[in-house]
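# Structural overview for review
Listed here are the chains, written in short residue letters.
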Amino acid sequence: MASFRDIISDLIYLLYPEICYACNDFPPAKQQIFCTTCLYELPFTDHFINQENELLFHFAGRQKVSFGASLLYLNKQGMVHRLMNNLKYKKHQEIATVLGNYFGKALQKTDDLSEIDYIIPVPIYYKKLRKRGFNQSALFANGISEITGTTVLLDQIIKVKATNSQTGLNRTQRLENVHSTIEVRNPELLRGKHVLLVDDIITTGATLESCMISLVESTEVEISLGTMAITT
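Now for a quick tour of the structure. (Residues numbered from 1 in each chain as written. Predicted model: local features only at pLDDT ≥ 70, side-chain atom pairs only at ≥ 80, totals over all residues. Heavy atoms only, no water.)

### Some remarks on the overall build of the protein chain
Scanning the protein chain from terminus to terminus reveals nine helices and seven strands. Of all 232 residues assigned to the protein chain, the portion counted as buried reaches 48%. At a minimum sequence separation of 6, the contacts of the protein chain that also span at least 24 residues come to 73%. In the form shown here, the protein chain has an accessible surface area of approximately 12500 Å², with 51% of it arising from carbon and sulfur atoms. (Helix = DSSP H or I, 4+ residues; strand = E, 2+ residues; numbered from the N terminus. Buried < 20%, exposed > 50% of the residue type's maximum accessible area, 1.4 Å probe, protein only. Contact = heavy atoms within 4.5 Å. Areas by Shrake-Rupley, 256 points an atom, 1.4 Å probe, with all protein chains shown as cover.)

Have a look at this one:
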């Protein structure tokens, strides 16, 4: 028999439904952030079962990556683009956590991934963090941790200064520009460990690669990668 609280919750849901964060139109399924249609149509990648994927192609021949997966495909006009806008600019932080939960569940199903010791989110500069109010990569990491139980290290990699404009720079110049802003704290903590480095969206991969270089320069560490989405 439903409790009084459950009845009130159902009534509030019927009278004041939220809007699906992917389509900005239909109310979501109960206890979801997506409507039923969007849940069915979300463009999930096959990266968790296919390690010859687009994410790893970004770093092939340059950085050693043990495992890499993006959860969703993103294009400029699609539902994932709206989803990211709702996260970053409308500050619906629960999106990052839910996507982290999805990522964690998919990660648990992989057979060839050795145990991860820590999850490390890509940092943002403190002024940007103060303005936005949250680091979406950290929320994503926490969502993964909720499922896997793996410890999240929030301050192991920090951004010590803002990134200069990337306009007009080639890939090498972009990488050098970002790399100069990244610093690893307490590298001994990571020595000999396996870390999952996570970010929100991968486009050029310069930010992730600069973090990987900083980690490798500082300590002997095995690196895997995870992102919410990858651009198509």
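We are not done yet, so read on.
### A short note on the packing of aromatic side chains
Applying the stated criterion across every chain, the model contains six aromatic pairs. Relative to Phe103, the ring of Phe48 lies with its centre 4.9 Å away and its plane at 70°, an arrangement referred to as edge-to-face. Taken together, the positions of Phe48 in the loop between helix 2 (36-41) and helix 3 (54-57) and Phe103 in helix 5 (residues 94-108) put the pair 55 residues apart, joining distant regions of the chain. We note that Phe48, like Phe103, is buried. An angle of 65° between the planes, with centres 4.8 Å apart, marks the rings of Tyr125 and Tyr126 as edge-to-face. Residue Tyr126 is classed as partly exposed on the basis of its relative accessible area of 46%. Here the aromatic residues Phe48, Phe67, Phe103 and Phe140 are joined through ring pairs into a cluster of three or more. (Phe/Tyr/Trp six-rings, centres within 6.5 Å; stacked < 30°, edge-to-face > 60°.)

### So, the environment of Leu208
Inspection of the secondary structure puts Leu208 in helix 9 (residues 206-218). By relative accessible area, which is 2% here, Leu208 ends up buried. Once you skip the residues sitting within four places of it in the chain, Leu208 turns out to touch Phe59, Val122, Leu197, Asp199, Ile202, Leu225 and Thr227.

### Focus: the pattern of salt bridges
This model, assessed by the stated rule, comprises four salt bridges. Residue Arg191 pairs with Glu188 through a salt bridge whose shortest N-O separation is 2.7 Å. (Salt bridge = Lys/Arg side-chain N within 4 Å of Asp/Glu carboxyl O.)

### Points about the layout of surface pockets
Where empty space is left becomes clear once a probe the size of a water molecule has been rolled over the atoms. Of the voids in this model, the second largest pocket is the one considered here, and its volume is about 220 Å³. Every residue lining the second largest pocket is counted, 13 residues in all, and those nearest its centre are Pro123, Ile124, Leu129, Leu154 and Asp155. Counting only elements with at least two residues in the lining of the second largest pocket, the list comes to helix 6 (126-132) and strand 4 (157-159). If you tally residues by element for the lining of the second largest pocket, the top one is strand 4, at three residues. For the lining of the second largest pocket, the residue count by class is 10 nonpolar, one polar and two charged. (1 Å grid on protein atoms, 1.4 Å probe; cavity = no way out; pocket = protein on both sides within 12 Å on 5 of 7 lines; lining within 4 Å. Points joined across faces, edges and corners; volume = space filled by probe spheres on them. Nonpolar A, V, L, I, M, F, W, Y, C, P; charged D, E, K, R; others polar.)

### Looking at the sheet that holds strand 1 (residues 68-74)
The strand order across the open sheet built from five strands is 1-7-6-2-3, with neighbouring strands paired in parallel fashion. Single-partner strands in this sheet number two, and they are strand 1 and strand 3 (151-152). Here eight bridges tie strand 6 (residues 194-202) to strand 7 (residues 222-231), and the two strands are oriented parallel to one another. When the bridges of strand 7 are listed, Asp199 appears paired with Thr227. Helix-sheet contacts for helix 7 (residues 136-148) involve strand 2 (118-121), strand 3, strand 6 and strand 7, and the interaxial angle to strand 6 is about 130°. (Pairing = 2+ DSSP bridges. Axes fitted to C-alpha atoms, helices over the stretch in contact; angles between N-to-C directions.)

### Focus on the nonpolar core
By size, the foremost hydrophobic cluster in this structure holds 41 residues, and its most contacted members are Phe34, Met84, Leu99 and Phe103. Looking at which element gives the most residues to this core, the answer is helix 5, with eight residues. Beyond its immediate chain neighbours, meaning those up to four positions away, Phe34 contacts Cys20, Ala22, Pro28, Ala29, Leu39, Leu42, Leu83, Val98, Leu99 and Tyr102. Counting 23 residues, the second-largest nonpolar core is a separate cluster that includes Leu56, Ile120, Met212 and Ile230. (Core = buried A, V, L, I, M, F, W, Y, C linked by side-chain atoms within 4.5 Å.)

### Brief notes about the pairing of strand 2
The alternating pattern of strand 2 places Tyr118 and Ile120 on one face and Ile119 and Pro121 on the opposite face, and all of these are buried. One ladder, built from two bridges, connects strand 2 with strand 3; its direction is parallel. Bridge pairing in strand 3 links Tyr118 to Thr151. With four bridges joining them, strand 2 and strand 6 adopt parallel strand pairing.

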